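# A structural walkthrough
The lines below spell out each chain.
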Amino acid sequence: QVLILDFGSQYTQLIARRVRELNIFCEIFPYNSKTFDIKDYKAVILSGSPSSVRSEEAPHPDLSEIKGKLPLLGVCYGAQYMAHNFGGEVGASNTREYGRANLSFIKENEVFFENVSTGSQVWMSHSDTILNLPETFELIGSTHDVKNAAFKIKDEKTYGIQFHPEVYHSKDGLTILKNFLVNIAEVEQTWTPDSFVETTVAELKEKLGDDKVVLGLSGGVDSTVAATLISKAIGKNLYCIFVNNGLLRKNEFENVLDQYKHMGLNVKGVDASARFLKELEGESDPEGKRKIIGRVFIEVFDDEAHEIQNVKWLAQGTIYPDVIESVSATGGPSATIKSHHNVGGLPDFMKLKIVEPLNTLFKDEVRRVGKSMGIDAELLGRHPFPGPGFGIRILGDITAEKVRMLQEVDHIFIQGLKDEGLYNKVWQAGAMLLPVNSVGVMGDERTYEKAVVLRAVESTDGMTADWVNLPYEFLQKTSNKIINGVKGVNRVVYDISSKPPATIEWE
Ligand code: XMP
């Protein structure tokens, strides 16, 4: 178990993901958090930071409980902080130190650099540099521009590196992390999807006992994996509710419900489409629509939950990125909690305890855990789909007819991507129905019908995204199918905007 102390670097989560790739469990906490217990950890990594150690506002934590007592690795700011704090000198660097560099010196027979050769490419991103190391520090690696690129403290398992082993451009980054964690810190590599399932199911059994648990299934990866885990632990005491808000993809409700039943989940499908559509009538503001959809969902869900006698817990598919406490943008001591629609989503009137079995996992790990439990690959590989569904893909007000049109268009597009082997190359795809009519001609007839937009993006987390260069032939075929097949649509356009400045959804 490894503790990562976050000083606000954009790469901190990446450190955690790389450590997990080594099958080692790790957790991130802000450097000033009071919520972790150092006794729970076998090694500590200090992250980078946008701050300069020379600034008074920069994080200057007390390392006395860590340094010399546990194996410790400082990355970038973490390394600079140790040098600065223990008698060395850190100053502004003369040359730009961003991007590619190569290790020009590596100390011989140094375990930290086992299987890493001089010349190995590392990734730099810093404006301060370590000018002088403290006396007790020993230089173990340099690049052409950065003499003090790697050090260790004599007679301790304490190391510092100026470069970022966690980024993929540091070619031997994972090897270096492994050398530190496995060879030096002697942390065991036992954290695998199978072991996660085994320990989580045992913990859930213990925690939930004979209690009843209710969970809202959405058809998405997270809620499905969460439900499968809890179901393994408590079987039919898990009551899943899958609400049809009438804004789902074509046949989605029926197909996914069927799939859930085959998986042995105790699931009830609730078709509330008419209620959602009625409540949405006349609303065209995006946030207004989101609010209505959110409120009605909670009402429907609560009605259903009340049908279950003596339910004690609400289960949620919240994942780790949603709950990591973040260091505030100033790097100052006021740690904030990221807010997200899944976090704290418990309505007041449902006085249930919350269970979140995935809240230590990254998205790709959720998929791996799902795979290890035998969940269908197609279900695990599904594109993200927004909670408000077509409610925010039909621009402007929503009617049953518009939902029908968009379901048809979306179905042609998504099925086409699957048929052509393109679906898994795209992070998210979908169609939007515009509140615009345009003139067309079909046969000898003038038409005046709706325009639709196709959008396919690549991304890793939805925070930034780029449009996908789908083959022209595919777009041509899809456009023909849509215009010929969907009554009411006479124009198809493809969205070629990146995020930022655009967003993925149009609303
Ligand atoms: P944007 O449009 O902000 O979308 O670039 C980023 C990701 O978030 C999804 N999204 C939502 N998901 N409720 C959700 O559950 C929402 O209100 C919502 N809005 C956007 C979007 O589909 C994309 O994956």
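Procedures and definitions
Residues numbered from 1 in each chain as written. Predicted model: local features only at pLDDT ≥ 70, side-chain atom pairs only at ≥ 80, totals over all residues. Heavy atoms only, no water. Near = heavy atom within 4 Å. Polar contact = N/O pair within 3.5 Å; in protein donor to acceptor, adjacent residues only side chain to side chain. Areas by Shrake-Rupley, 256 points an atom, 1.4 Å probe, with all protein chains shown as cover. Phe/Tyr/Trp six-rings, centres within 6.5 Å; stacked < 30°, edge-to-face > 60°. Helix = DSSP H or I, 4+ residues; strand = E, 2+ residues; numbered from the N terminus. Buried < 20%, exposed > 50% of the residue type's maximum accessible area, 1.4 Å probe, protein only. Lys NZ or Arg CZ within 6 Å of the ring centre and 35° of its normal. Contact = heavy atoms within 4.5 Å. Core = buried A, V, L, I, M, F, W, Y, C linked by side-chain atoms within 4.5 Å. Salt bridge = Lys/Arg side-chain N within 4 Å of Asp/Glu carboxyl O.

## What about the site of the ligand?
- The immediate surroundings of the ligand are formed by 13 residues, with Arg290, Gln428, Lys499, Ile504 and Glu505 found nearest.
- Taking Gly387, its main chain carries an N or O atom lying 3.0 Å from an oxygen atom of the ligand.
- A distance of 2.7 Å separates an oxygen atom of the ligand from a polar side-chain atom of Lys499.
- For the ligand, whose accessible area on its own is 490 Å², the fraction buried by protein is 75%.

## A look at the packing of aromatic side chains
- Applying the stated criterion to the full structure yields 17 aromatic pairs.
- On the numbers, 5.7 Å between centres and 20 degrees between planes, the contact of Phe297 with Phe301 is stacked. Pair noted here: Phe297 and Phe301 are both in helix H8 (residues 286–307), with a separation of four residues, about one helical turn.
- The exposure class of Phe301 is buried, given its relative accessible area of 6%.
- A cation over a ring is seen here: Arg18 above Tyr168, with NZ or CZ 4.0 Å from the ring centre.
- One residue, Lys418, lies across the ring of Tyr423, its end atom 5.0 Å from the ring centre.

## Examining the environment of Ile184
- Within the secondary structure, Ile184 is located in helix H3 (residues 173–184).
- Measuring from C-alpha to C-alpha, the distance between Ile184 and Ala43 comes to 9.7 Å, with 141 residues separating the pair along the chain.
- Look past the residues within four positions of Ile184 in its chain and what remains in contact with it is Val111, Phe112, Lys157, Tyr159 and Asn179.

## A short note on unusual backbone geometry
- With an omega of -15 degrees, the peptide bond between Lys499 and Pro500 qualifies as cis.
- In this model, Pro500 is joined to Pro501 through a cis peptide bond whose omega is 10 degrees.
- Backbone geometry at Asn23 places phi at a positive 60 degrees, although glycine is not the residue there.
- Among the secondary structure elements, Asn23 is positioned in the loop between helix H1 (12–21) and strand S2 (26–30).
- The backbone of Glu186 sits at a positive phi, close to 55 degrees, despite the residue not being glycine.
- In this structure, Glu186 sits in the loop between H3 and helix H4 (193–208).

## Here's the deal with the nonpolar core
- In this structure, Val214, Leu417, Leu470 and Ile482 are the most contacted members of the largest nonpolar core, which totals 47 residues.
- When residues in this core are grouped by element, the largest group, eight residues, is from helix H12 (residues 400–419).
- If you look at the next biggest cluster of nonpolar residues, it comprises 40 residues, including Leu215, Leu217, Ile234 and Trp313.

## Points about the pattern of salt bridges
- On inspection of all chains with the given rule, the structure shows 28 salt bridges.
- The salt bridge involving Glu505 is made with Arg393; its shortest N-O contact spans 2.8 Å. Of the two residues, Glu505 is situated in the segment after strand S20 (489–494) and Arg393 in the loop between helix H11 (377–380) and H12; the sequence distance between them amounts to 112 residues. For the pair Glu505 and Arg393, one class covers both residues: buried.
- Between Lys402 and Asp397 there is a salt bridge; the shortest N-O distance is 2.8 Å.
- Judged by its relative accessible area of 13%, Lys402 is buried.
- We classify Asp397 as partly exposed; its relative accessible area is 30%.
- It is possible to trace a salt-bridge network through shared partners that takes in Arg275, Glu279, Arg295, Glu299 and Asp303.

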